[in-house]
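Report on the structure
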Amino acid sequence: MKFVTFINAYPDKYSDMFLLLKSMHVPDGISIISSYFIFGKPDAMVIFECSDESKALKFVETFAGVGDTETHVLVSVERI
């Protein structure tokens, strides 16, 4: 499954968010497709693939210390 996580950095955690995204540890079972810093809200976005929702949730928890997160499952148009 593919997921997208949006991150809205806490006001005092912008630099921590940037550092975390630039040097994040990617656990086994997670494949980063792409990540972006965004001018505006949200502040960042990470698109990743994972076959296990529990692992995906644990990975997203990595960002909880730097901002509010919102994660969605991506569904390919071709699959509909």
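What this report covers is the structure whose coordinates are included nearby. (Residues numbered from 1 in each chain as written. Predicted model: local features only at pLDDT ≥ 70, side-chain atom pairs only at ≥ 80, totals over all residues. Heavy atoms only, no water.)

Here we come to helix 2 (residues 53-60). Within helix 2, burial applies to Ala56, Phe59 and Val60. All buried residues of helix 2 lie within an arc of 95° about the axis, which places them on one face of the element. Exposed side of helix 2, more than 90 degrees from the buried face: Ser54, Leu57 and Lys58 are the residues found there. Contact partners of the buried residues in helix 2: strand 1 (2-9), strand 2 (30-37), strand 3 (44-50) and strand 4 (67-74). (Buried < 20%, exposed > 50% of the residue type's maximum accessible area, 1.4 Å probe, protein only. Helix = DSSP H or I, 4+ residues; strand = E, 2+ residues; numbered from the N terminus. Arc of directions from axis to C-beta. Contact = heavy atoms within 4.5 Å.)

For the rest of this paragraph, the subject is the pairing of strand 2. Pairing of strand 2 with strand 3, which is carried by seven bridges, proceeds in the antiparallel orientation. Bridge pairing links Ser34 to Ile47 in strand 3. (Pairing = 2+ DSSP bridges.)

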